[in-house]
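Close look at the chain arrangement
Single-letter residue listing:
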Amino acid sequence: MDEPARENDPVYRADCPSRVILDQIADKWSMMVLAVLSEPRRFNAIKRRLDGVTQRVLTQTLRKLERNGMVTRRVLDGRVLGVEYALTPLGRSLQGPFSILFDWTVENITVIQDCQRSYDAREDQAAA
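Everything numeric here is computed off the predicted structure, so don't read it as measured data.

A tally of regular secondary structure across the protein gives six helices and three strands. Mapped from its N terminus to its C terminus, the protein presents α and β elements in the order α-α-β-α-α-β-β-α-α. Reported as C-alpha extents along the three principal axes, the dimensions of the protein are approximately 65 × 40 × 25 Å. Buried residues in the protein amount to 26% of all 128 residues. Considering only contacts in the protein between residues 6 or more positions apart, those separated by 24 or more positions represent 45%. Summing over all exposed atoms, the protein offers an accessible surface of approximately 10000 Å²; the carbon and sulfur share of this is 53%. If the 19 positive side-chain charges of the protein are averaged to one point and the 18 negative ones to another, these points end up 12 Å apart.

Let us look at the sheet that holds strand β1 (residues 41-42). Strands belonging to one sheet form pairs held by backbone hydrogen bonds; the direction of such a pair is parallel or antiparallel. Spatial ordering of the open sheet is given by β1-β3-β2, a layout of three strands whose pairing is antiparallel. The open sheet has two free edges, formed respectively by β1 and β2 (71-76), since each of these has just one partner strand. One ladder, built from six bridges, connects β2 with strand β3 (residues 82-87); its direction is antiparallel. Following the sheet pairing, R73 is matched in β3 by Y85.

With that out of the way, let us pick up the packing of helix α2 (residues 28-36) against helix α4 (residues 55-67). α4 packs onto α2 with a crossing angle of 75 degrees between their chain directions and a minimal axis gap of 10 Å. On the basis of the axis angle, α2 is roughly perpendicular to α4. Taking contact as the criterion, the partners of W29, S30, V33 and L34 in α2 are, on α4, V57, L58, T61, L62, K64 and L65. Partitioned by chemical class, the residues of the contact of α2 with α4 number seven nonpolar, two polar and one charged.

Think of an α-helix as turning once every 3.6 residues; residues three or four places apart then point the same way. Turning to α2, its buried residues number three or more, namely W29, S30, M31, V33, L34 and V36. The residue sitting at the N-terminus of α2 and contributing the capping side-chain oxygen is D27; that oxygen lies 3.2 Å from the backbone nitrogen of W29.

Taken as a whole and assessed by the stated rule, the structure comprises four salt bridges. Between R74 and E84 there is a salt bridge, with its nearest N and O atoms 2.8 Å apart. Placement of R74 in strand β2 and of E84 in strand β3 is noted, with a sequence separation of ten residues between them. Of the residues examined, R74 reaches a relative accessible area of 47% and is grouped as partly exposed.

Our next topic: the side chain of R41. Tracing the backbone shows R41 in strand β1. Residue classification places R41 among the buried positions, given a relative accessible area of 13%. When sequence neighbours within four positions are dropped, the list of residues in contact with R41 reads V36, I46, R49, V83, E84 and Y85.

It is worth spelling out the environment of L101 at this point. Mapped onto the elements of the fold, L101 is located in helix α6 (residues 95-127). The exposure class of L101 is partly exposed, given its relative accessible area of 40%.

What follows is about the UniProt feature "domain: HTH hxlR-type" (unreviewed entry) in the protein. Within this numbering scheme, the UniProt entry marks residues 16-113 as carrying the feature "domain: HTH hxlR-type" (unreviewed entry). With 62% helix and 14% strand, the stretch residues 16-113 has end C-alpha atoms that lie 33 Å from each other.

In this section: the side chain of T61. By the element assignment, T61 lies in helix α4. T61 sits in the buried class, given a relative accessible area of 4%. Those residues in contact with T61 that lie beyond four places of it in its chain are W29, S30 and V33.

Reading the values: rules and limits
Residues numbered from 1 in each chain as written. Predicted model: local features only at pLDDT ≥ 70, side-chain atom pairs only at ≥ 80, totals over all residues. Heavy atoms only, no water. Helix = DSSP H or I, 4+ residues; strand = E, 2+ residues; numbered from the N terminus. Buried < 20%, exposed > 50% of the residue type's maximum accessible area, 1.4 Å probe, protein only. Contact = heavy atoms within 4.5 Å. Areas by Shrake-Rupley, 256 points an atom, 1.4 Å probe, with all protein chains shown as cover. Lys, Arg positive; Asp, Glu negative; His and termini not counted. Charge placed at Lys NZ, Arg CZ, Asp CG, Glu CD. Pairing = 2+ DSSP bridges. Axes fitted to C-alpha atoms, helices over the stretch in contact; angles between N-to-C directions. Parallel < 35°, antiparallel > 145°, perpendicular 65-115°, else oblique. Nonpolar A, V, L, I, M, F, W, Y, C, P; charged D, E, K, R; others polar. Polar contact = N/O pair within 3.5 Å; in protein donor to acceptor, adjacent residues only side chain to side chain. Salt bridge = Lys/Arg side-chain N within 4 Å of Asp/Glu carboxyl O. UniProt positions renumbered as here; feature names shortened; annotations may be inferred.

Structural data, given as structure tokens:
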């Protein structure tokens, strides 16, 4: 049986705009792109620093971050055309919270992996 909601309990309504924004900025690639953009970088420089990201996913991620005001996109003129991405003040404001989350992840990765192995072993036993 569900507990009654208290006055200060959060309610995550389906139509709440925060859900969409959190979905767009808190996925793994967005968080990694924001971390890589500690300084302005060209597309391929970002891609080289994010092992495993496809060109399509990186393009979609950068567009999403640009739409949400987290990054700027600047076309570079010259002999070789290019595009450079940089954090906006809004994007930079996420570096602190994201670095705390990253540090927590690194500090707890062994415990989390142990929990995953334990869970998987229990599931394997239950399936047998």
